[in-house]
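# Inside the fold
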Amino acid sequence: MIELYHHGTSVCAAKPRILLAEKGLDWTGHYIDILKGEQFAPAYLKLNPKAVVPTLVHDGHVIRESTLMCEYLDEKYPDPPLKPADPLDRHAMRIWTKRIDEEVFPVTGPLTFAISHRHAVLANGPGMIDDYINKLGPDEAPMRRARLERGIDHPDVLNSLRVYRKLFAHMDATLAGRDWLAGDTF
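This write-up is about the structure you can find in this document. (Residues numbered from 1 in each chain as written. Predicted model: local features only at pLDDT ≥ 70, side-chain atom pairs only at ≥ 80, totals over all residues. Heavy atoms only, no water.)

## Quick notes on the packing of helix α4 (residues 87-123) against helix α6 (residues 141-150)
α6 packs onto α4 with a crossing angle of 80° between their chain directions and a minimal axis gap of 9 Å. Considering their axes alone, α4 and α6 lie roughly perpendicular with respect to each other. Within the contact between the two elements, α4 uses Pro-110, Phe-113, Arg-118, Val-121 and Leu-122 and α6 uses Arg-147, Leu-148, Glu-149 and Arg-150. A per-class count over the contact of α4 with α6 returns five nonpolar, no polar and four charged. (Axes fitted to C-alpha atoms, helices over the stretch in contact; angles between N-to-C directions. Helix = DSSP H or I, 4+ residues; strand = E, 2+ residues; numbered from the N terminus. Parallel < 35°, antiparallel > 145°, perpendicular 65-115°, else oblique. Contact = heavy atoms within 4.5 Å. Nonpolar A, V, L, I, M, F, W, Y, C, P; charged D, E, K, R; others polar.)

## As for the side chain of Ser-160
If you trace the backbone, Ser-160 turns up in helix α7 (residues 155-175). You can call Ser-160 buried: its relative accessible area is 1%. A distance of 2.5 Å separates a polar side-chain atom of Ser-160 from the backbone oxygen of Val-107. Every residue in contact with Ser-160, bar those within four places of it in the chain, is listed here: Val-107, Pro-110 and Leu-111. (Buried < 20%, exposed > 50% of the residue type's maximum accessible area, 1.4 Å probe, protein only. Polar contact = N/O pair within 3.5 Å; in protein donor to acceptor, adjacent residues only side chain to side chain.)

## Concerning α4
For the α-helix, the turn length of 3.6 residues means that residues three or four positions removed from each other point alike. At Phe-113, α4 shows its strongest bend, of approximately 55°. The N-capping residue of α4, defined by a side-chain oxygen 3.0 Å from the backbone nitrogen of Leu-88, is Asp-86. Note on α4: the residue one or two positions beyond its end, Gly-125, has a positive phi of about 95°. (Bend = angle between axes of the 7 residues up to and from the residue.)

## Considering helix α1 (residues 11-23)
In this model α1 runs 19 Å from its N-terminal to its C-terminal C-alpha over 13 residues, within 8% of the 18 Å that 1.5 Å per residue would give. Along α1, the residues classified as buried are Cys-12, Ala-13, Pro-16, Leu-19, Leu-20 and Lys-23. Here the buried residues of α1 occupy an arc of 125° about the axis, which is enough to place them on one side. For α1, exposure combined with an orientation more than 90 degrees from the buried face picks out Ile-18 and Ala-21. For α1, the secondary structure elements touched by its buried residues are β1 (2-6), α3 (66-76) and α4. (Expected span 1.5 Å × (residues − 1). Arc of directions from axis to C-beta.)

## Brief notes about the pattern of salt bridges
This structure, assessed with the given rule, holds nine salt bridges. When the shortest N-O distance is used, the salt bridge between Lys-50 and Glu-65 registers 3.2 Å. Here Glu-65 lies in the loop between β4 (61-64) and α3 and Lys-50 lies in the loop between α2 (42-47) and β3 (55-58), a separation of 15 residues in the sequence. With a closest N to O distance of 3.6 Å, Asp-130 and Arg-145 form a salt bridge. Placement of Asp-130 in helix α5 (residues 126-134) and of Arg-145 in helix α6 is noted, with a sequence separation of 15 residues between them. (Salt bridge = Lys/Arg side-chain N within 4 Å of Asp/Glu carboxyl O.)

## So, the sheet that holds β3
Strand order in the open sheet formed by four strands is β2-β1-β3-β4, with mixed pairing between adjacent strands. Strand pairing shows two members of the sheet lacking a second neighbour, β2 (28-31) and β4, which therefore form its edges. Put simply, the sheet's adjacent strands are angled 20° from each other on average, direction ignored. Here four bridges tie β1 to β3, and the two strands are oriented antiparallel to one another. The residue bridging Tyr-5 from the neighbouring strand is Thr-55, located in β3. The strands touched by α3 within the sheet are β1, β3 and β4, with β3 carrying the most contacts at an inclination of about 30°. (Pairing = 2+ DSSP bridges.)

Written as C-alpha cells, this is what we have:
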C-alpha cells in the first residue's frame, strides 16, 4: 500500500504525485494542512520529525525527501521508467535534481509564501497569525513576521526570483535543439 502525506501547494509534494500519476500507481493521500500547522501534530512528527511534507509510507516503511522517494518508487515500479537508460543521461538527470534540491528548493519557500501562503495566513485573523509566526520558535519569528508584512517586496523573494531566472535561462539553453533536459525520451 502506498500512502502519501502531502499538501496542495508544496512543490516537494508535487514531485511524488506527478510520479505516481505517470506510473499509474494507486495511492492513498493524507492531506496535511501546513497553513494550519498540521505538520506539527505529534502523530505526523513520528513519521517526519522535520515537520515537512511529503512523507511516503510504502508497506509500512517510511520514506522521506521527495527526490529520494521518487527514485525509490521508480526503482520499485520500473515500468514505465522515469529515468534515462543511459548512465550519462542519468548523471545529467541527477545533476538537475541536485540543483533543484540544493539551489532552487531553499529559495522556493519565500516565493511560495509571498504568492500563496501569506494570503491564507492573513485570512485566519490575528490570533492564528501570531500562532503561525511563533510556531517555529523565536529564532524564526522575526523573519516570518517580516515576510508576512512585506510579501513579494521582501528581499528574500527578490533573491528567489533571481535564482529562478538563472535556472530557467540554463534550462532554455539546455533545451535549445533538444526535447528533454536529460536523455532522448520523457
